[in-house]
Amino acid sequence: MLLVRNECTGHSRVLPVTSCGAVARLFCDRCLTCGTSPRGRVADLTPASFVTLGGELEQGCFNATIAMGQ
């Protein structure tokens, strides 16, 4: 389980890890939605989890912090 926090909205949720390695980080690794992200993509979320965390599907990304969940 990982705690994922949307740095733009402040929403956070504990989500399960279902696979390893975000392959898309190699192609689309910067989010400009809420200030430029300092690093590349760190997680691929389901659309439902993305929206629950305050993401907008049209934008496709948000800056996030990830920590070990409980």
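Description of the structure in this document.

The rules behind these values
- Residues numbered from 1 in each chain as written.
- Predicted model: local features only at pLDDT ≥ 70, side-chain atom pairs only at ≥ 80, totals over all residues.
- Heavy atoms only, no water.
- Helix = DSSP H or I, 4+ residues; strand = E, 2+ residues; numbered from the N terminus.
- Buried < 20%, exposed > 50% of the residue type's maximum accessible area, 1.4 Å probe, protein only.
- Pairing = 2+ DSSP bridges.
- Axes fitted to C-alpha atoms, helices over the stretch in contact; angles between N-to-C directions.
- Patch = residues over 30% accessible without salt bridge, like charges linked within 9 Å, V, L, I, M, F, W, Y side chains within 5 Å.
- Areas by Shrake-Rupley, 256 points an atom, 1.4 Å probe, with all protein chains shown as cover.
- Salt bridge = Lys/Arg side-chain N within 4 Å of Asp/Glu carboxyl O.
- Core = buried A, V, L, I, M, F, W, Y, C linked by side-chain atoms within 4.5 Å.
- Contact = heavy atoms within 4.5 Å.

1. Re the overall build of the chain
Then, in step 1: The secondary structure content of the chain amounts to one helix and three strands.
Then, in step 2: Beginning at the N terminus, the succession of helices and strands in the chain can be written as β-β-α-β.
Then, in step 3: Evaluated residue by residue, the chain yields a buried proportion of 19% over its 70 residues.

2. Some words on the sheet that holds strand 1 (residues 2-6)
Then, in step 1: What the three strands build is an open sheet, ordered 2-1-3; its pairing is antiparallel. Two strands bound the open sheet, and with one partner strand each, they are strand 2 (12-15) and strand 3 (64-68). Going across the sheet, the axis of each strand differs from the next one's by a mean of 20°, ignoring polarity.
Then, in step 2: Pairing between strand 1 and strand 2: four bridges, direction antiparallel. Bridge assignment links Leu3 to a residue of strand 2, and that residue is Val14.

3. Focus on a nonpolar patch on the surface
Then, in step 1: Residues Met1, Leu3 and Val14 make up a contiguous nonpolar surface patch of roughly 240 Å² in combined accessible area.
Then, in step 2: Among the secondary structure elements, Leu3 is positioned in strand 1.

4. What about the nonpolar core?
Most often, soluble globular proteins keep nonpolar side chains buried together rather than apart.
Then, in step 1: Core analysis: the largest hydrophobic core is formed by five residues, namely Val4, Leu15, Phe50, Leu53 and Phe62.
Then, in step 2: Discounting chain neighbours no more than four positions away, the residues touching Phe50 are Leu45, Gly55, Glu56, Leu57, Gly60, Cys61 and Phe62.

5. Thoughts on the pattern of salt bridges
Then, in step 1: Applying the stated criterion across every chain yields a total of one salt bridge.
Then, in step 2: Its salt-bridge partner being Glu7, residue Arg5 comes within 2.7 Å of it at the nearest N-O pair.
Then, in step 3: Since its relative accessible area comes to 33%, Arg5 is described here as partly exposed.

6. Some remarks on the pairing of strand 1
Then, in step 1: With antiparallel pairing between neighbouring strands as the criterion, strand 1 and strand 2 make up a hairpin whose turn holds five residues, including Gly10 at a positive phi of roughly 85°.
Then, in step 2: Here strand 1 runs beside strand 3; their pairing, made up of five bridges, is antiparallel. By the bridge assignment for strand 3, Val4 is matched with Ile66.

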